[in-house]
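# Chain and residue survey
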Amino acid sequence: MNVFRVSQHPGWPARLGPVHVAAGPVTLRPVRLRDAAAWSRIRLRDRDHLEPWEPTGRGAWEARNHASNWPSLWSSLKAEARRGAMIPLVIEVDGAFSGQLTIGNIVRGALRSAWIGYWVSKDLGGQGIATAALALGLDHCFGPVGLHRVEATVRPDNHASQAVLRNVGFREEGLLRRYLDVDGAWRDHLLVGMTVEEINGTVVDRLVRDGRVTRPVK
Ligand code: ACO
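Residues numbered from 1 in each chain as written. Predicted model: local features only at pLDDT ≥ 70, side-chain atom pairs only at ≥ 80, totals over all residues. Heavy atoms only, no water.

## Concerning the pattern of salt bridges
Our working definition: A side-chain nitrogen of Lys or Arg and a carboxyl oxygen of Asp or Glu constitute a salt bridge if their distance falls within 4 Å. Labels follow the DSSP assignment, with helices taken as runs of H or I lasting at least four residues and strands as runs of E lasting at least two, numbered in each case from the N terminus. Only protein chains enter the calculation, and the probe is 1.4 Å; a residue is then buried if its accessible area is under 20% of its type maximum, exposed if over 50%, and partly exposed in between.
Within the structure shown, the criterion is met by 16 salt bridges. Here aspartate 123 makes a salt bridge to arginine 45, at a shortest N to O gap of 3.7 Å. With aspartate 123 in the loop between strand E5 (113–120) and helix H5 (129–142) and arginine 45 in helix H1 (residues 36–45), this pair connects stretches of sequence that are 78 residues apart. Residue arginine 45 is classed as partly exposed on the basis of its relative accessible area of 42%. Residue arginine 149 is joined to glutamate 151 by a salt bridge in which the shortest nitrogen-to-oxygen separation is 2.7 Å. Note on glutamate 151: relative accessible area 23%, which makes it partly exposed.

## Some words on the environment of aspartate 35
Condition: Two residues form a contact once any of their heavy atoms are found within 4.5 Å.
By the secondary structure assignment, aspartate 35 is in the loop between strand E2 (24–30) and H1. Overall, aspartate 35 belongs to the buried group, its relative accessible area being 4%. Sequence spacing of aspartate 35 and asparagine 105 is 70 residues, and the spatial spacing of their C-alpha atoms is 23 Å. Sequence-distant contacts of aspartate 35, that is, excluding residues within four places in its chain, are made with Arg29, Trp70, Val90 and Phe97.

## Points about unusual backbone geometry
Put simply, tryptophan 12 and proline 13 share a cis peptide bond, and its omega is -10°. Tracing the backbone through its elements, the reader meets proline 13 in the segment before strand E1 (16–21). Here the amide bond leading from glycine 17 into proline 18 is cis, since omega sits at 5°, within 30 degrees of zero. Mapped onto the fold, proline 18 is located in strand E1. Of note, aspartate 94 is a non-glycine position whose phi angle comes to about 55°, a positive value. If you check the backbone angles, aspartate 183 has positive phi at about 50° while not being a glycine. Inspection of the secondary structure puts aspartate 183 in the loop between strand E7 (171–182) and strand E8 (185–195). A residue is classified by how much of its surface remains accessible, and aspartate 183, at 33% relative accessible area, is partly exposed.

## With respect to the packing of aromatic side chains
For clarity, the threshold we go by: Any Phe, Tyr or Trp ring, taking Trp's six-membered ring, that has another such ring centre within 6.5 Å forms a pair; planes under 30 degrees apart are called stacked, those over 60 apart edge-to-face, and the others tilted.
Following the criterion strictly, the structure yields two aromatic pairs and no others. Where tryptophan 39 meets tryptophan 70, the ring centres are 4.9 Å apart and the plane angle is 40°; that geometry is what we call tilted. Here the residue tryptophan 39 occupies a position in helix H1, and tryptophan 70 occupies one in helix H4 (residues 70–82), the gap between them amounting to 31 residues. Under the relative-accessibility criterion, tryptophan 70 is labelled buried at 0%. Ring geometry for phenylalanine 97 and tryptophan 119: centres 6.2 Å apart, planes at 45°, overall tilted. With a gap of 22 residues between them, phenylalanine 97 in strand E4 (residues 96–107) and tryptophan 119 in strand E5 connect regions that are remote in the sequence.

## Looking at the pairing of strand E3 (residues 87–93)
Rules: Pairs of strands are assigned from DSSP output, requiring at least two bridges between the strands.
With seven of seven residues buried, E3 is to be regarded as a mostly interior element. Of the two faces of E3, the one holding Ile87, Leu89, Ile91 and Val93 and the one holding Pro88, Val90 and Glu92 are both buried throughout. As paired strands, E2 and E3 are joined by five bridges and run antiparallel to one another. What sits directly across from leucine 28, in E3, is isoleucine 91. In the sheet, E3 pairs with E4 via seven bridges, with the strands oriented antiparallel. Bridge pairing links valine 93 to alanine 96 in E4.

Next comes the structure, spelled out in structure tokens:
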């Protein structure tokens, strides 16, 4: 057997979808070096929308989210992906950069677990895009990546994200006190989880049954 052909990281790189929402086809694909301008434009414009929910970073928002910072961020995301710990994806709607979905802390062995997180451009909010992207990401985790459990953490006052997590079938597991340094302070987070046994078919199937997405016509 040629050992160099055995994937050290099942499920990476990947292009997922599309599934359709009213705004257009939603797909996920790996982050690219040339995402700098689109990434930075949205993140600088949407600071108020994003900052209350994201881990506290070093330095000013403007500097951290300037296009010139993307190459080093992209490079560290790709390094994590190459060592099998992360799957950093871009959410595209109708082919345009619209947000990010990241599968992180991928642990194998007897745990086979990861966390999942996401953000979507404010001007595209409320159209089912995060829900569709999360379903694609979860089906990838439980399919090609081979995970048994995926978890997510969300601030109790992030009602939109909690709705997204409920839409795809996450189960609430508890409250993590002062869990994460977010927006400048240690914030409580709700822990939600899902294991492969809880899925009836696929997560996208669930959204199709609920009338939230459609599959492309072949
Ligand atoms: N209160 C209650 N529900 C709300 C509110 C609100 N103020 N605002 C929106 N919602 C609901 C909508 O009704 C919808 O639920 P429904 O489908 O049951 O009607 C849901 O929230 C939004 O669903 P989508 O349209 O699929 O989500 P969207 O594409 O708008 O993206 C997201 C949601 C990702 C939370 C976006 O607002 C965002 O990027 N926010 C900033 C960053 C962020 O919070 N990221 C998530 C961090 S937690 C984590 O990653 C696990």
